[in-house]
Amino acid sequence: MPYTPDGVGIQGQLILENLKLQNPAMSDQEKQRAQQNIQMLEAELNRQKSAQKTNQQICDFWKDTYEKEKSSYNKSIKQAACDKVENF
């Protein structure tokens with residue numbers, strides 16, 4: 001993963017890498033490295049979006065299940081699944 005200052009998320013890293021590409025003083029090797037970093041960051045962002053979508057689907061499933069059958073088991077599983085969405 002490319003180095004970026006603390007507190008800069010993946011989207012911020014993508015912006016920084018794209019800004020690097022606009023620097024006319026960059027060597028071809030540096031531009032290639034920045035492009036590779038962009039591809040890696042985009043893949044990670046897509047992975048995170050997919051995981052978040054899956055987590056939301058699981059939370060929704062357990063919400064529906066708990067509404068149909070209000071057991072303590074269903075409630076605890078629903079809470080765990082939905083906490084995962086909130087804390088992602």
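Preceding block: the structure.
The structure contained in this document is the topic of the report that follows. Treat the numbers as computed from the prediction; the structure is a model and nothing was measured.

Generally speaking, a soluble globular protein has its nonpolar side chains buried in company with each other. Counting five residues, the largest nonpolar core is built from Ile 10, Leu 14, Ile 38, Leu 41 and Leu 45. Mapped by element, the contributors of at least two residues to this core are helix 1 (10-21) and helix 2 (28-68). At three residues, helix 2 tops the list of elements feeding residues into this core. Beyond its immediate sequence surroundings of up to four residues, Leu 45 is in contact with Ile 10, Gln 11 and Leu 14.

Here the structure, examined in full by the defined rule, presents two aromatic pairs. The interplanar angle of 85° and the centroid separation of 5.2 Å between the aromatic rings of Phe 61 and Trp 62 together place this pair among those described as edge-to-face. Considering the side-chain rings of Trp 62 and Tyr 73, the 6.3 Å spacing of their centres and the 80° angle between planes classify their relative orientation as edge-to-face. Separated by 11 residues along the polypeptide, Trp 62 in helix 2 and Tyr 73 in helix 3 (residues 72-86) bring together distant segments of the chain. Judged by its relative accessible area of 51%, Tyr 73 is exposed.

With that settled, consider the packing of helix 1 against helix 2. The relative placement of two packed helices is expressed as an angle between their axes plus a distance between the axes. Packing of helix 1 against helix 2 leaves a shortest axis separation of 9 Å and a crossing angle of 160°. Considering the angle they form, helix 1 stands roughly antiparallel to helix 2. Helix 1 and helix 2 meet at a crossing whose hand is left-handed. Here Ile 10, Gln 11, Gln 13, Leu 14, Glu 17, Asn 18, Lys 20 and Leu 21 of helix 1 come into contact with helix 2, specifically with Lys 31, Ala 34, Gln 35, Asn 37, Ile 38, Leu 41, Glu 42, Glu 44, Leu 45 and Gln 48. When its residues are assigned to classes, the contact of helix 1 with helix 2 shows seven nonpolar, six polar and five charged.

Rules used throughout
Residues numbered from 1 in each chain as written. Predicted model: local features only at pLDDT ≥ 70, side-chain atom pairs only at ≥ 80, totals over all residues. Heavy atoms only, no water. Core = buried A, V, L, I, M, F, W, Y, C linked by side-chain atoms within 4.5 Å. Buried < 20%, exposed > 50% of the residue type's maximum accessible area, 1.4 Å probe, protein only. Helix = DSSP H or I, 4+ residues; strand = E, 2+ residues; numbered from the N terminus. Contact = heavy atoms within 4.5 Å. Phe/Tyr/Trp six-rings, centres within 6.5 Å; stacked < 30°, edge-to-face > 60°. Axes fitted to C-alpha atoms, helices over the stretch in contact; angles between N-to-C directions. Parallel < 35°, antiparallel > 145°, perpendicular 65-115°, else oblique. Left-handed = near helix turned anticlockwise from the far one by under 90°. Nonpolar A, V, L, I, M, F, W, Y, C, P; charged D, E, K, R; others polar.

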